[in-house]
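# Descriptive analysis of the structure
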Protein chains: 2
Amino acid sequence: MPIKSNDPAKKSWLPVRDNSDFPIQNIPFGVFLTRDDIITIGTRIGDHAIDLGALHQMGYFKDIPLTDDIFLQDTLNDFISDGKKTWRLVRNRISEIFDANNSELKNNEEHKKIVLFTMDEIEMQLPVQIGDYTDFYSSKEHATNVGKMFRDPENALLPNWLHIPVGYHGRSSSIVPSGTPIHRPMGQTLPAGSDEPIYGPSKLVDFELEMAFITTDANILGETIPVNEAENYIFGMVLFNDWSARDIQKWEYVPLGPFLAKNFASSISPWIVTMDALEPFRVESPKQEPQPLPYLQQVGKKGFDINLEVDITPEKGEPTTVTKSNFKYMYWTMSQQLAHHTVNGCKVNSGDMMGSGTISGPTQDSYGSMLELTWRGEKPLKLKDGTERKFIQDLDTVTIRGFCEKSGVRIGFGEVASKLLPVFQSKKK
Amino acid sequence: MPIKSNDPAKKSWLPVRDNSDFPIQNIPFGVFLTRDDIITIGTRIGDHAIDLGALHQMGYFKDIPLTDDIFLQDTLNDFISDGKKTWRLVRNRISEIFDANNSELKNNEEHKKIVLFTMDEIEMQLPVQIGDYTDFYSSKEHATNVGKMFRDPENALLPNWLHIPVGYHGRSSSIVPSGTPIHRPMGQTLPAGSDEPIYGPSKLVDFELEMAFITTDANILGETIPVNEAENYIFGMVLFNDWSARDIQKWEYVPLGPFLAKNFASSISPWIVTMDALEPFRVESPKQEPQPLPYLQQVGKKGFDINLEVDITPEKGEPTTVTKSNFKYMYWTMSQQLAHHTVNGCKVNSGDMMGSGTISGPTQDSYGSMLELTWRGEKPLKLKDGTERKFIQDLDTVTIRGFCEKSGVRIGFGEVASKLLPVFQSKKK
């Protein structure tokens, strides 16, 4: 059954620019600080943010079973816990309230003053309290590129890669929303040719073009999520920049994996786009050869056609788009990632976040990191201002954008933009 | 200045058995469900649990700046956020209230009825909401044993090990308190001699004898904790069993580290013993050669002399102690771990947990895992009931105990005991 709020013919009475990421068919969820310094849960249509807490208080969701304070919270975790049926009821109802043919709010100037904000009046927050964050490594092109550079060009993929959606645990505490500047990390690195590590600022700070999905409470400890039910436990997706320090990574990652090379910062786009909104953009995921084990065998289209691109903007300069990729290149799907993550009974909670891993496409201009785009720095990229980049420089802003487009409807994620600042100057003694 | 609540001569008016882990010099913190089904924060003396929420409501902490509901919570996170000075004031005050020479509560039968519980009346909970959990790999003996078994007996330690307190992120959601049974995990493994993985129950479930420390809010994103200030941000310690599935681990862990082999369950002892209580048991940590980089150079005694032992108890049988180790063997100290973890600005919050890694001693009977004790299963251990163990069998209970002892005072952690159940029978379709 088609989801009625996805109807391409639908228009909102709120203005929506051509090519906006946020038409009435999107209806993402986020958390923001209002002009009155109140934190609320909201959605966005065009360039208006909508206070769902206020709408609920005024009775606009009275036919949906929701607790009174469900939107008056500083995270979406409890709403996400309410489950897929509730998410859909709320999204459909928002679609109805803002439909061009519906006048209940449209004609109520007093209510509109309370619930509508322009984007410059609000400050987006982290949308969820992230309990656990896992990062996968599910782009075959990325894993192959890394394998060629650091291991064996002839056997770039490790033996387990085609059998396992390889993943590892990351650090939740360092995940920040778009707009939060981050600092170049200090750390240990091993200079080429030396066997004594040194301490200093990372010289090889990189972005990683990723997306991440956010889960609801999925199981009890011990219980497995079957691969073909996994999507029921996925609330939605965001853009994800998994900042990486390649020199720290190289020295630390054997044998227990990346740690300080990754956990200094990861940045996400603040609006969670629901799986319902992404439904029209399903595509086949890449054919898997060899066939995975039965617990990973999925039925139907589990890939999503999401265009992705990354800009680098120097402190005084215009943006240069350095790569264009697509989420559809992912070899392992979100369903397989979640089924694998819980095959051993690992508990998944509301607000957990799972990153895709770097999303590299098949061509050199679709790679998802500077490491790959410049092939370890061997082929620097030229920016529009004439300067070159092997990796990210201090005061550069990295911006990831993502959107789907089909039948005249564009559903987007907005962006995650973050500026790399120089090393933090500590105030501690 | 000595901490007055540590005075070895002090006695409580509450009964304390000889060899109890919980004399009045301990005063750990935990969270429990009372006989009235209320969750409260409490402490323990002898075999009595003490409801700090009720004590606070009745005015016993009136001279300490605390919010009214600080102990009426289901986690210690907010109390831990209050910082070291407050922890010390509260612990000293508890020590005063329960001192044999103090009659304010001792002679108030009505109050005693409200605040005192016997251990069988309560149910211990997880003491903190664990935001992020990190596991280190800081026992040189353990890293050497693993290196000998799986890599190169001649070069057992990897090149970075003597320079870095190697660690990796773990899964918070699967950490459970003592007494919670866990299930044998399902997963992928690679049979010997094959290049096709199979799916099935892990055959090599193991314990890992560890301890973990719990932090308070330590920094803002970007900021580093200096090694010689790190202890200010450590609230206390627990016993930690980092359950591991060795066959799953072997197949999955290259290149991003252990994942499903570890995140099916980890078990902790429920009482957090404060660093103040552990103060008398400081010892020199092992000499570090080569000298670590300056950001890891510590001053003073940063090791702790904590006796550790592990029992295996079959379903119908008596316990067999399979190893005796000591926390003092740790090559890298908690201070170094926390300084390293934040050298890149990674944010550390109240309630974060950091595991030591398996604590193996220098002799074969002090190794911290079955993997090492039976040397990959080559030398099975004999239990008292005559059965043998290479790894842990279904229905075995693994119990870790830990205690310090000096000048007639014993400060203990109680135990973390957990039973391994067979594979979970899912109710999902």
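Fair warning: this is a prediction, and the values are worked out from it, not measured in the lab. (Residues numbered from 1 in each chain as written. Chains lettered and ligands numbered in written order. Predicted model: local features only at pLDDT ≥ 70, side-chain atom pairs only at ≥ 80, totals over all residues. Heavy atoms only, no water.)

### A short note on the overall build of chain A
To keep it simple, the criterion reads: Comment: elements are numbered from the N terminus, with helices defined as DSSP H or I runs of at least four residues and strands as E runs of at least two. Any residue under 20% of the maximum accessible area for its type is buried, any over 50% is exposed, and the rest in between are partly exposed; the area is computed with a 1.4 Å probe on protein chains only. The Shrake-Rupley method, run with a 1.4 Å probe sphere, supplies the accessible areas, and residue values consider only the shown protein chains as cover. Charge counting treats Lys and Arg as positive and Asp and Glu as negative, with His and both chain ends excluded. In plain terms, the charge of a residue is placed at NZ if it is Lys, CZ if Arg, CG if Asp and CD if Glu.
A count of helices and strands for chain A gives nine helices and 26 strands. Here the C-alpha coordinates of chain A stretch approximately 70 × 50 × 45 Å along the principal axes. Split into buried and exposed, the 429 residues of chain A put 64% on the buried side. Summing over all exposed atoms, chain A offers an accessible surface of approximately 16,100 Å²; the carbon and sulfur share of this is 50%. For chain A, the centre of its 45 positive side-chain charges and the centre of its 57 negative side-chain charges are spaced 3 Å apart.

### Section: the environment of Leu105(A)
Residues and elements named next belong to chain A. Rules: It only takes one pair of heavy atoms within 4.5 Å for two residues to be counted as in contact.
Its place among the elements puts Leu 105 in the loop between helix 3 (84–97) and helix 4 (109–115). Since its relative accessible area comes to 0%, Leu 105 is described here as buried. Note: C-alpha distance between Leu 105 and Leu 260 (155 residues apart in sequence) is 49 Å. Beyond its immediate chain neighbours, meaning those up to four positions away, Leu 105 contacts Trp 13, Leu 55, Tyr 60, Ile 97, Phe 98, His 111, Lys 112 and Val 115.

### Comments concerning the UniProt feature "domain: Fumarylacetoacetase-like C-terminal" (unreviewed entry) in chain A
The condition is simple: UniProt positions are given in the numbering used here, feature names are shortened, and annotations may be inferred rather than shown by experiment.
Summarizing the sequence annotation, UniProt attributes the feature "domain: Fumarylacetoacetase-like C-terminal" (unreviewed entry) to residues 134–411 of chain A in the numbering used throughout. A helix fraction of 12% and a strand fraction of 29% characterise residues 134–411 of chain A, whose end C-alpha atoms lie 25 Å from each other.

### A few points about helix 5 (residues 140–150) of chain A
Restricting attention to buried positions, one finds in helix 5 of chain A the residues His142(A), Ala143(A), Thr144(A), Asn145(A), Val146(A), Gly147(A) and Met149(A). Elements that come into contact with the buried residues of helix 5 of chain A comprise helix 9 (370–373) of chain A.

### Regarding the pairing of strand 2 (residues 39–45) of chain B
Residue and element names in this part refer to chain B. The line we're drawing: Two strands are counted as paired when DSSP detects at least two bridges linking them.
Counting buried residues along strand 2, six of its seven residues qualify, which places the element largely inside the surrounding structure. The sheet contact formed by strand 1 (residues 30–33) and strand 2 spans four bridges and is antiparallel. Among the inter-strand pairings, Phe 32 is bridged to a residue of strand 2, identified as Thr 40. Linking two consecutive strands that pair antiparallel, namely strand 1 and strand 2, is a turn of five residues; a positive phi of about 65° is found at Asp 37 within it. Between the end of strand 2 and the start of strand 3 (residues 48–51), which pair antiparallel, lie two residues, with Gly 46 showing a positive phi angle near 55°.

### Remarks on the interface of chain A and chain B
Which entries qualify depends on this criterion: The buried area of a pairing is the accessible area, by a 1.4 Å probe, that goes missing from both parts when the two are put together, added over both. Definition used for salt bridges: Asp or Glu carboxyl oxygen within 4 Å of a side-chain nitrogen of Lys or Arg. Any pair of N or O atoms that falls within 3.5 Å is considered a polar contact. Within protein, one atom must be able to donate a hydrogen and the other to accept it, and sequence-neighbouring residues count only if both atoms are side-chain atoms.
Taken together, the 72 residues of chain A in the interface contact 71 residues of chain B. Carbon and sulfur atoms supply 61% of the area that chain A and chain B bury against each other, a total of about 6,200 Å² over both sides. Ionic pairing is found between Asp352(B) and Arg171(A), a salt bridge with its closest N-O pair at 2.6 Å. Linking chain A with chain B are 29 residue pairs in polar contact (both at pLDDT 80 or more), by the criterion used here.

### What to know about the packing of aromatic side chains
Two aromatic rings are characterised by how far apart their centres lie and by the angle between their planes. For clarity, the cut-off: Aromatic pairs are defined between Phe, Tyr and Trp rings, using the six-membered ring for Trp, whenever the two ring centres lie within 6.5 Å; interplanar angles under 30 degrees are classed as stacked, those over 60 as edge-to-face, and all others as tilted.
Inspection of the entire model under this criterion finds 30 aromatic pairs over all chains. Relative to Phe79(B), the ring of Phe71(B) has its centre 5.3 Å away and its plane inclined at 55°; by these criteria the two rings are tilted. For the residue pair Phe71(B) and Phe79(B), the accessibility class agrees, reading buried in each case. Ring pairs connect the aromatic residues Phe29(A), Phe61(A), Phe71(A), Phe79(A), Trp87(A) and Phe235(A), which therefore count as one cluster.

### Notes on the sheet that holds strand 4 (residues 116–118) of chain B
Strand pairing in a sheet takes place through backbone hydrogen bonds and is either antiparallel or parallel in direction. Residues and elements named next belong to chain B. Here we have five strands laid out as an open sheet, ordered 4-3-2-1-5, and antiparallel in their pairing. Each edge of the sheet is formed by a strand with only one pairing partner; in this case those strands are strand 4 and strand 5 (123–124). Here strand 1 pairs with strand 5 via two bridges, running antiparallel. Across the sheet, residue Leu 33 finds its bridge partner in strand 5, namely Glu 123.

### Here we look at the UniProt feature "domain: Fumarylacetoacetase N-terminal" (unreviewed entry) in chain A
According to UniProt, the positions carrying the feature "domain: Fumarylacetoacetase N-terminal" (unreviewed entry) are residues 25–127 of chain A. Split by type, residues 25–127 of chain A is 31% helix and 19% strand. Its first and last C-alpha atoms lie 20 Å apart.

### Topic: the relation of the copies chain A and chain B
Keep this limit in mind: Alignment of the copies relies on least squares applied to C-alpha atoms, considering only residues that score at least 70 for pLDDT in both.
The transform that puts chain A on chain B rotates by 180° and translates by 0.0 Å along the axis, for an RMSD of 0.0 Å. As the rotation angle and translation indicate, the two copies are arranged about a two-fold axis. Taking C-alpha positions as the reference, the residue of chain A nearest the rotation axis is Gly257(A), at 2.2 Å. With an isologous cut-off of 70% or more, the 99% of interface residues of chain A that recur at the interface of chain B puts this contact in the isologous class.

### Remarks on the side chain of Asn263(B)
Along the chain, Asn263(B) turns up in the loop between helix 6 (246–252) and strand 16 (266–268). A polar side-chain atom of Asn263(B) sits 2.6 Å from a polar atom in the side chain of Asn344(A). With residues near it in sequence (within four places) discarded, Asn263(B) still touches His169(A), His341(A), Asn344(A), Cys346(A), Arg171(B) and Ser174(B).

### Considering the pairing of strand 3 of chain B
Residues and elements named next belong to chain B. The alternating pattern of strand 3 places His 48 and Ile 50 and Ala 49 and Asp 51 on opposite faces, both of which are buried. Two elements, strand 2 and strand 3, share four bridges in a ladder whose sense is antiparallel. Residue pairing across strands places Gly 42 opposite Asp 51, the latter belonging to strand 3. Relative to strand 4, strand 3 runs antiparallel, the two sharing three bridges. Across the sheet, the residue bridging to Ala 49 is Phe 117, located in strand 4.

### What to know about the side chain of His142(B)
Along the polypeptide, His142(B) turns up in helix 5 (residues 140–150). Side-chain polar atoms of His142(B) contact the side chain of Glu372(B), separated by 2.7 Å.

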